[in-house]
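Residue-level structure breakdown
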Amino acid sequence: MSKIKVIPCSGIGKVLGLLARESVLMVTQEKCPNESETLCLAHVVTGDDEVVAKIKGQPCITMDGCPKYCAKKSVEAAGGEVDHSYKVPDFMKPHRGEEHGTGTYLTADGWKFAEELSDILAKTVIEMQEEVR
Ligand code: SF4
């Protein structure tokens, strides 16, 4: 089976976007590099042939920074099958009152939160891989 595509929103200028991106990089580069990969959302949006061919009809996971769901909507518009759509604010409750950083850097609490988000993504990647075996 091809690798599960895990795609974050771009969320430039917001810590929620940075949390989304860092959590996706952790899962695709460190936790599940053989089972997952990420793609640049800008290439998805602009319809890059190679990227669209990679996601069309393929199982995808998205991680968005807010309810505008830019990653989810863009992947679906390009023909990707979004089996799991997450957004960072849904996991914020136990982290209320913490400082996570800014759009350009994460604090220690921010990195801990990104790690937690990446664990959720990694669990989803493994479950999706097992479903198709
Ligand atoms: S989902 Fe929200 S944070 Fe992410 S790119 Fe869209 S508007 Fe920005």
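Scroll up a little and you will see the structure.
Fair warning: this is a prediction, and the values are worked out from it, not measured in the lab. Every chain's residues receive numbers from 1 upward, in the order its sequence appears when written. This being a predicted model, a pLDDT of at least 70 is required before a residue's local features are given, and a value of 80 or more before pairs of side-chain atoms are given or counted; all residues contribute to the totals for chains, interfaces and linings. Heavy atoms from the whole structure form the basis of all side-chain values; hydrogens and water molecules are not counted.

A look at helix α4 (residues 70–77)
Heads up, the condition is: Burial status follows relative accessibility: with a 1.4 Å probe on protein chains alone, a residue under 20% of its type maximum counts as buried, one over 50% as exposed, and anything between as partly exposed. Comment: elements are numbered from the N terminus, with helices defined as DSSP H or I runs of at least four residues and strands as E runs of at least two. This arc is built from the directions going out from the helix axis to the C-beta atoms.
Along α4, the positions that sit buried rather than exposed are A71, S74 and V75. The arc that holds the buried residues of α4, viewed along the axis, is 100°, so those residues lie on one side. Relative to its buried face, α4 has exposed residues pointing more than 90 degrees away, namely K73 and A77. In the segment just after α4, G79 is the residue with positive phi, at about 95°.

Let's talk about the site of the ligand
Quick reminder of the rule: Note on definitions. A residue lies near a molecule or strand when any single heavy atom of the residue is within 4 Å of it. In this count, Pro and Cys sit with the nonpolar residues alongside Ala, Val, Leu, Ile, Met, Phe, Trp and Tyr, while Asp, Glu, Lys and Arg are called charged and the others, Gly among them, polar.
The environment of the ligand is formed by C9, S10, G11, K14, D64, G65, C66, K68, Y69 and C70. Classifying every residue of the shell around the ligand gives four nonpolar, three polar and three charged.

A few points about the pairing of strand β3 (residues 59–64)
Stated formally: Should DSSP find at least two bridges between two strands, the strands are taken to pair. Crossover handedness is defined by viewing with both strands directed away from the observer: a clockwise path from the first strand over the helix to the second marks the crossover as right-handed.
Most of β3 is tucked away, with six of its six residues classed as buried. In the sheet, strand β1 (residues 4–8) pairs with β3 via four bridges, with the strands oriented parallel. Directly across from V6, in β3, lies its bridge partner I61. One ladder, built from six bridges, connects β3 with strand β4 (residues 81–87); its direction is parallel. Its bridge partner being in β4, I61 is matched across the sheet by H84. Once you follow β3 into α4 and on to β4, the crossover reads as right-handed.

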